[in-house]
Amino acid sequence: MAMAATFINPTFSSVSPSSSSSSSSAAAAPPKLRPPSSSRRTRKSPALLRRISSYPPPTPSFAVIRCSAASPNPGSPRPPYIPNRIPDPNYVRIFDTTLRDGEQSPGATMTSKEKLDIARQLAKLGVDIIEAGFPAASKDDFDAVKAIALEVGNVVDAHGYVPVICGLSRCNEKDIRAAWEAVRFAKRPRIHTFIATSGIHMEHKLKKSKEEVIDIARRMVAFARSLGCDDVEFSPEDAGRPEREFLYEILGEAIKAGATTINIPDTMGITLPEEFGKLIADIKANTPGIENAIISTHCHNDLGLSTANTIAGACAGARQVEVTINGIGERAGNASLEEVVMALKCKGESILGGLYTGINTRHIVMTSKMVEEYSGLHVQPHKAIVGANAFAHESGIHQDGMLKHKGTYEIISPDDIGLERSNEAGIVLGKLSGRHALRMKLVELGYDIDGEQLDNIFWRFKAVAEQKKRVSDAEIRALVSDEVFQPAVVWKLHDLQVTCGTLGLSTATVKLIGADGKEHVACSVGTGPVDSAYKAVDLIVKVPATLLEYSMSAVTEGIDAIATTRVLIRGENNHTSTHTLTGEPVHRTFSGTGSSMDIAVSSVRAYIGALNKMLGFMEQTPSEVPAERTPLSV
């Protein structure tokens, strides 16, 4: 939904940042996590306990009931962007790596067009840095990062905001040069380079000594700066496990060589919040030259603690946090942007010493849905902030409280993240509804759709409305997903007819329209309607593919519900990328979704969507994989 960006910049009388420091990492930080202390475990005397128990209970304050009420003033602009320092020590930069680390999730392959769409949406959201990809991985990755740098990286809003466009690289000249060539056309380009630093990684993966690793880091950061890039981020991979003195040394050398941001990745998601907060505090206190760089966090979710660790890092002095939309990423995923941002919005002023971000939270829901559809990774219903159940209240006690005051069981107002309840807006759609009513409903649901796309959705809506008394919000979302969040059209379903049952062979006749507008018809038999339809599609498309996953769900209750299908396919010997753990070439997988009241039509739409996504890669061959197969896993 198009709306003016709102940026938040609070003032606090209780926090007095050091005026003598020009670096956010060196400035007075918000209160740190309290480390265990023997003095805090001492037993209080009986007299002291009796005196404490006689105190009157604190008077509850009802002025701050929800996060929206506790939010800083949204009218103030974010601080000016300076690579190695932040003028306001309370500001936390949001570094989004959905298009890089997020895409490393199995089955989350996205086309260049989809990546560009998501990058545009991330700019609407107001993220400070977009890590657009790993340019050296393949020609498609390089082209996608370059397109994002050229388009999204050059659109400056009325407040002077334009996102930094970042490309990831391993610590070798080929990767760094590819990253620079991809991002250098952005107004604010950044190179992010990394090398493993834990003992187990250096011994078994790199087969290099500490001295050799330090030398590589120093030389490669200097090389990145020599190309003309004045914004270089350095990451010591698996930073939670190296010896501290070695970590301080390699970070200090990277800063001396020109690194402007020092990122601390918990690559294996192995730390607890107290551990990670202390790690950031120790780095801030012991790294030579740290006052000349921003400290960043990059937390994985293997123990379900990525958001907690990220907040702990920010409390300890980090002023950049690396996150992904919906928390997607390697293995169990990354710290979730929406969780981290809303935690800072809810608690930044009252608990975290004034920390805030520049995120326009009203774009969270739309961004989440776009990533969900393009990646094919569905958000679990109980996911914090953006899950289907995040604002659902089924318990009678909760419903009673909500009817009396919404603040009783909601800490976040749904409209703060771009979600409006249909029962409050009052728009109910049926077969008599017109185009204007549909568009208003789409705006209410967070979609800014017009022109040909609105026309296509409208006629599909009318077809559904003719068969149902009322079309639900969930069904509208399914139609939007099936019409808008689809890859570039190579093949389009025109007609489908199936014959199935117990009396004969299942037969399907399919008519597809190609990119040239010509019609193609094929007929096939199979074990069921979906199998026969897929075989008929294969006869037309003539591109070998293996079906890996197939799932279907009803969007709403009732036998007349719209069905949504998701499939995952793998191409045969023609779509490879670098495996993130082993460094070996692996086959890409491609997802597709489809929606219809007819389950056979829904299934075919999903299969064609996956094929279209795969065919989008047909003309793009991967770049040569470097001889040094260092895994890509920051």
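Our subject is the structure that appears above.
Keep in mind it's a predicted model, so treat the numbers as computed, not measured. Residue numbers here run from 1 along each chain, matching the order of that chain's written sequence. Local features in this predicted model are restricted to residues whose pLDDT is 70 or higher, and side-chain atom pairs enter the listing and the counts only when it is 80 or higher, whereas totals over whole chains, interfaces and linings include all residues. Calculated side-chain values reflect all of the structure's heavy atoms, with hydrogen atoms and water omitted.

> Which parts of the structure should I look at to understand the sheet that holds strand β13 (residues 563-571)?
Sheet strands line up and pair through hydrogen bonds in the backbone, either parallel or antiparallel. Pairing in this open sheet of three strands is antiparallel, and the strands run β12-β13-β16 from one edge to the other. Each edge of the sheet is formed by a strand with only one pairing partner; in this case those strands are β12 (545-554) and β16 (589-596). For this sheet the average axis-to-axis angle between neighbouring strands, irrespective of direction, equals 15 degrees. Contact between two residues is taken to exist if any of their heavy atoms lie within 4.5 Å; hydrogens are not considered. Only the contacting stretch of a helix is used when fitting its axis, a line to C-alpha atoms as for every element, and angles between N-to-C directions run 0 to 180 degrees. Helix numbers and strand numbers start at the N terminus; a helix is a DSSP run of H or I with at least 4 residues, a strand a run of E with at least 2. Helix α17 (residues 473-483) contacts β13 and β16 of the sheet and is inclined by roughly 135 degrees relative to β16. Any two strands with at least two DSSP bridges between them are considered paired.

> How should I be thinking about the pairing of strand β6 (residues 261-266) in this particular structure?
Here is the key point about a regular strand: its side chains alternate between the two faces of the sheet. Counting buried residues along β6, six of its six residues qualify, which places the element largely inside the surrounding structure. Classification of residues uses two cut-offs on accessible area relative to the type maximum, computed with a 1.4 Å probe and protein chains only: under 20% is buried, over 50% is exposed, and between them is partly exposed. Side chains of β6 alternate between two faces, with Thr261, Asn263 and Pro265 and Ile262, Ile264 and Asp266 buried alike. Bridging between strand β5 (residues 232-237) and β6 involves two bridges; their strand directions are parallel. Bridge pairing links Glu233 to Thr261 in β6. Orient the strands so they point away from the viewer; a crossover is then right-handed if the path from the first strand over the helix to the second runs clockwise. Read as a crossover between parallel neighbours, the route from β5 over helix α8 (residues 244-257) to β6 is right-handed. With six bridges connecting them, β6 and strand β7 (residues 294-299) associate as parallel partners. Looking across to β7, one finds that Pro265 is bridged to His298.

> I'm lost on the pattern of salt bridges in this one. Help?
A pair can form between side chains of opposite charge whenever their charged atoms are brought close. Salt bridges, as used here, are contacts in which a Lys or Arg side-chain nitrogen is within 4 Å of a carboxyl oxygen on Asp or Glu. For the structure shown, the criterion picks out 32 salt bridges. Notably, a salt bridge pairs Lys383 with Glu339, separated by 2.8 Å at the nearest N-O pair. Highlighted residues: Lys383 in the loop between α12 (364-375) and α13 (396-404) and Glu339 in helix α11 (residues 337-347), separated in sequence by 44 residues. Relative accessible area serves as the criterion here: at 22%, Glu339 is assigned to the partly exposed category. By sharing partners, the salt bridges in this structure join Asp215, Arg218, Arg219, Glu253 and Lys256 into a single network.

> Honestly, the packing of helix α16 (residues 451-465) against α17 in this entry has me stumped. Any pointers?
Packed helices, taken two at a time, are described by their axes: the angle between them and the distance between them. The interhelical angle for the contact between α16 and α17, taken along N-to-C directions, is 135 degrees, at an axis separation of 10 Å. As summarised for this structure, α16 and α17 are arranged oblique, according to the angle between their axes. For the crossing formed where α16 meets α17, the hand is right-handed. Side by side, α16 and α17 meet where Gln453, Asn456, Ile457, Arg460, Phe461 and Val464 of the first sit next to Ile476, Leu479, Val480, Asp482 and Glu483 of the second. By definition in this entry, angles of less than 35 degrees are roughly parallel, angles greater than 145 are roughly antiparallel, angles of 65 to 115 are roughly perpendicular, and the rest are oblique. We call a crossing left-handed when the near helix sits turned anticlockwise from the far one by less than a right angle, and right-handed when that turn is clockwise.

> Just to check I follow, could you spell out the packing of aromatic side chains for this structure?
Ring pairs shown here join Phe, Tyr and Trp side chains whose ring centres sit within 6.5 Å, with only the six-membered ring taken for Trp; geometry is labelled stacked below 30 degrees between planes, edge-to-face above 60, and tilted in between. Within the structure shown, the criterion is met by four aromatic pairs. On the basis of an interplanar angle of 75 degrees and a centroid distance of 5.2 Å, the ring pair of Tyr91 and Tyr356 is categorised as edge-to-face. Taken together, the residues span a long stretch of sequence, with Tyr91 in the loop between α2 (67-70) and β1 (93-96) and Tyr356 in the loop between α11 and α12 at a distance of 265 residues. Aromatic side chains Phe458 and Phe461 sit 6.3 Å apart centroid to centroid with 40 degrees between the ring planes, which places their arrangement in the tilted category. Pair noted here: Phe458 and Phe461 are both in helix α16, with a separation of three residues, about one helical turn. Here Phe458 and Phe461 have matching classes, each one buried. An aromatic cluster of at least three residues, connected via ring pairs, comprises Phe458, Trp459 and Phe461. Two thresholds decide whether a charge sits over a ring: the Lys NZ or Arg CZ must be within 6 Å of the ring centre and within 35 degrees of the ring normal. Arg435 extends its terminal NZ or CZ atom over the ring of Phe458, reaching a point 4.6 Å from the ring centre.

Don't take any of this as a statement about function, it's just geometry.
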